[in-house]
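# What the coordinates show
Each chain, written out:
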Amino acid sequence: MRRSEIERQNQYLIRQQREFRMAADVVADAFAAFPEVQAVAVIGSVAKRLWKEVPRFSEYRRARIEVWHECSDLDLAVWLHSQDRLEEMRRALARSLTTAFEAGTGISTPSNRVDVFLFEPGSDRYLGRLCRYSTCPKGKLDCLVPGCGTIPFNKVIDGFRPYADIVASAADTMLYERGRGRLRSALDLPSVDD
């Protein structure tokens, strides 16, 4: 494989993380409009400085060529006092990304590539995930998981248990906090260029 192709792939992976970070800012601003939202943080690989690894792509795997880690989606942690308006939050997330795309900001992240993990303020108790479907229940196989949709638009994933430290680094990646406002841009988080 040519070095130029490896470099092209690395640049694509860096751009992908940057676009997810831009999307995180847009969604954090949309969620800040909800009084029940206490805080929003980026979690997962989008929040971290990328690292080199042999990827899942067969041509790179066969040759054992390392490239930057691939961020496949945007994970956000949201602490909220009430789950009464999850449907409105889902719509606000989708609308904010569509508006950003149509404005030509360089964001083309679809809402189905954003995973919103819901937490209880104070205790950090995991509550579920914001459902992506337009109705609840949607009648999909996912909707048959016991407890899914008991609170409308709170998705329960069969067998999922968050890592104990899922929000351990959230203090460093917090984008918004009620009472303090916007704390940082996700674009300010550590990158390979630092």
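Refer to the preceding data block for the structure.
Anyway, here's the lowdown on the structure attached to this text. Counting restarts for each chain, with residues numbered from 1 along the sequence as it is written. Only residues with pLDDT of at least 70 are given local features in this predicted model, and only at 80 or more are side-chain atom pairs given and counted; all residues enter the totals for whole chains, interfaces and linings. Only hydrogens and water are set aside when side-chain values are computed; all heavy atoms of the structure are taken into account.

## So, the nonpolar core
Among the buried residues, those of types Ala, Val, Leu, Ile, Met, Phe, Trp, Tyr and Cys that are joined through side-chain atoms within 4.5 Å form a nonpolar core. Type-normalised accessible area, obtained with a 1.4 Å probe on protein chains alone, sets the label of each residue: buried when under 20%, exposed when over 50%, and partly exposed for intermediate values. Of all hydrophobic cores here, the largest spans 47 residues; its most connected members are Phe 31, Val 42, Leu 74, Val 78, Met 89, Leu 93 and Val 116. Runs of E in the DSSP output that reach at least two residues are strands. Runs of H or I that reach at least four are helices, and both are numbered from the N terminus. Only helix 1 (3–32), strand 1 (37–43), strand 3 (67–68), strand 4 (74–80), helix 3 (86–102), strand 5 (114–119), strand 6 (126–130) and strand 8 (174–177) provide two or more residues apiece to this core. No other element matches helix 1, which puts 12 residues into this core. One finds Ala 39, Ala 77, Phe 117 and Ala 170 within the second-largest nonpolar core, a separate group that totals 11 residues.

## Observations regarding the packing of aromatic side chains
Ring geometry is summarised as follows: Phe, Tyr and Trp rings, the Trp one being its six-membered ring, pair when their centres sit within 6.5 Å, and such pairs are stacked at plane angles under 30 degrees, edge-to-face over 60 and tilted between the two. Across all of its chains, the model carries five aromatic pairs by this definition. Between the aromatic rings of Phe 117 and Phe 160, the centroid separation amounts to 6.0 Å while the plane-to-plane angle is 50°, which identifies the pairing as tilted. Here Phe 117, found in strand 5, pairs with Phe 160, found in the loop between strand 7 (154–155) and helix 4 (170–173); they are 43 residues apart in sequence, far enough to count as distant. A residue is classified by how much of its surface remains accessible, and Phe 117, at 6% relative accessible area, is buried. Judged by centre distance (5.9 Å) and plane angle (65°), the ring pair of Phe 119 and Tyr 126 falls under edge-to-face. Under the relative-accessibility criterion, Phe 119 is labelled buried at 1%. Of the residues examined, Tyr 126 reaches a relative accessible area of 21% and is grouped as partly exposed. Here the guanidinium or amino end of Lys 52 rests over the ring plane of Trp 68, the centre of that ring lying 4.7 Å away. Note on criteria: charge over ring means Lys NZ or Arg CZ within 6 Å of the ring centre, with the direction from the centre no more than 35 degrees off the ring normal. For Arg 129, the ring lying beneath its charged end belongs to Phe 160, and the centroid distance is 4.4 Å.

## Points about the state of the cysteines
When the sulfur atoms of two cysteines come within 2.5 Å, that pair is taken as a disulfide. Counting across every chain of the model gives zero disulfides. Free of any disulfide, Cys 131 has its nearest neighbouring cysteine sulfur in Cys 136, separated by 5.7 Å. Cys 143 takes part in no disulfide bond, and the closest cysteine sulfur, belonging to Cys 148, lies 5.5 Å away.

## Remarks on unusual backbone geometry
The step from Cys 136 to Pro 137 runs through a cis peptide bond, and the omega angle for that step is -5°. One non-glycine residue, Arg 64, lies in positive phi territory at about 60°. Looking at the element boundaries, Arg 64 is found in the loop between helix 2 (58–63) and strand 3. Take Arg 64: its relative accessible area is 56%, and that puts it in the exposed class. Backbone geometry at Asp 124 places phi at a positive 60°, although glycine is not the residue there. Within the fold, Asp 124 resides in the loop between strand 5 and strand 6.

## Remarks on the packing of helix 1 against helix 3
To define axes, lines are fitted to C-alpha atoms, for helices over the stretch in contact only, and angles between the resulting N-to-C directions are given on a 0 to 180 degree scale. Between helix 1 and helix 3, whose axes approach to 9 Å, the crossing angle comes to 135°. Between helix 1 and helix 3, the angle falls in the class oblique. Where helix 1 crosses over helix 3, the handedness of that crossing is right-handed. Along its contact with helix 1, which presents Ala 23, Val 26, Val 27, Ala 30 and Phe 31, the element helix 3 presents Met 89, Ala 92, Leu 93, Ser 96, Leu 97 and Ala 100. In this count, Pro and Cys sit with the nonpolar residues alongside Ala, Val, Leu, Ile, Met, Phe, Trp and Tyr, while Asp, Glu, Lys and Arg are called charged and the others, Gly among them, polar. In the contact of helix 1 with helix 3, the residues fall into 10 nonpolar, one polar and no charged. For classification, angles of less than 35 degrees are called roughly parallel, those exceeding 145 degrees roughly antiparallel, those between 65 and 115 degrees roughly perpendicular, and all remaining angles oblique. The handedness criterion is simple: a crossing whose near helix is rotated anticlockwise from the far helix by less than a right angle is left-handed, and one whose near helix is rotated clockwise is right-handed. Whether two residues touch is decided by their heavy atoms; if any such pair falls within 4.5 Å, the residues are in contact.

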